[in-house]
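Remarks on the overall topology
The residues making up each chain are set out below.
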Amino acid sequence: APEGPCATRLRGELTHQRRRLAIVNQAIALTTLSAFLTCSAILALFVGGLSDAVGAPVPVLLFGAAVLAVIVALALFIVEVRASGRALAAEIDQV
């Protein structure tokens, strides 16, 4: 493997990019989960309106889980944006 300051800097950048990618992937997964849970809550409300087969707590729990997933996803997006800002600032400092 190549050595030297340039290689060391590139390895550090790749490590940072992998961390950022992991954060973005988690945020996307939680956003998708939230959409799925919201649709499930709507379906449970619809089915519950047609019959008494679905209890009232099911849509409430599904919607609550969807809101929680969105909150965590938004927090992860904020973490990623801050990481991106720090990486940009570090890059500017090297110029």
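Please read these numbers as outputs of a predicted model, since none were measured by experiment.

A separate point is the layout of surface pockets. Approximately 170 Å³ is the volume attributed to the largest pocket. In terms of lining residues, the largest pocket is bounded by Arg 9, Gly 12, Glu 13, His 16, Gln 17, Arg 20, Ala 87, Ala 90, Glu 91 and Gln 94. Looking at the lining of the largest pocket, the elements with two or more residues in it are helix H1 (5-50) and helix H2 (57-94). Split by residue class, the lining of the largest pocket holds 2 nonpolar, 4 polar and 4 charged.

Tracing the backbone through its elements, the reader meets Thr 8 in helix H1. Accessibility expressed as a relative area gives 47% for Thr 8, which makes it partly exposed.

Taken together, the side chains of Ile 28, Val 70, Leu 74 and Phe 77 present a nonpolar region at the surface, about 320 Å² in accessible area. Here the element with the most residues in the nonpolar patch is H2; it accounts for 3 residues. Note on placement: Val 70 falls in helix H2. Residue class for Val 70 comes out partly exposed when judged on its relative accessible area of 33%.

Quick notes on the rules
- Residues numbered from 1 in each chain as written.
- Predicted model: local features only at pLDDT ≥ 70, side-chain atom pairs only at ≥ 80, totals over all residues.
- Heavy atoms only, no water.
- 1 Å grid on protein atoms, 1.4 Å probe; cavity = no way out; pocket = protein on both sides within 12 Å on 5 of 7 lines; lining within 4 Å.
- Points joined across faces, edges and corners; volume = space filled by probe spheres on them.
- Helix = DSSP H or I, 4+ residues; strand = E, 2+ residues; numbered from the N terminus.
- Nonpolar A, V, L, I, M, F, W, Y, C, P; charged D, E, K, R; others polar.
- Buried < 20%, exposed > 50% of the residue type's maximum accessible area, 1.4 Å probe, protein only.
- Patch = residues over 30% accessible without salt bridge, like charges linked within 9 Å, V, L, I, M, F, W, Y side chains within 5 Å.
- Areas by Shrake-Rupley, 256 points an atom, 1.4 Å probe, with all protein chains shown as cover.
- Salt bridge = Lys/Arg side-chain N within 4 Å of Asp/Glu carboxyl O.

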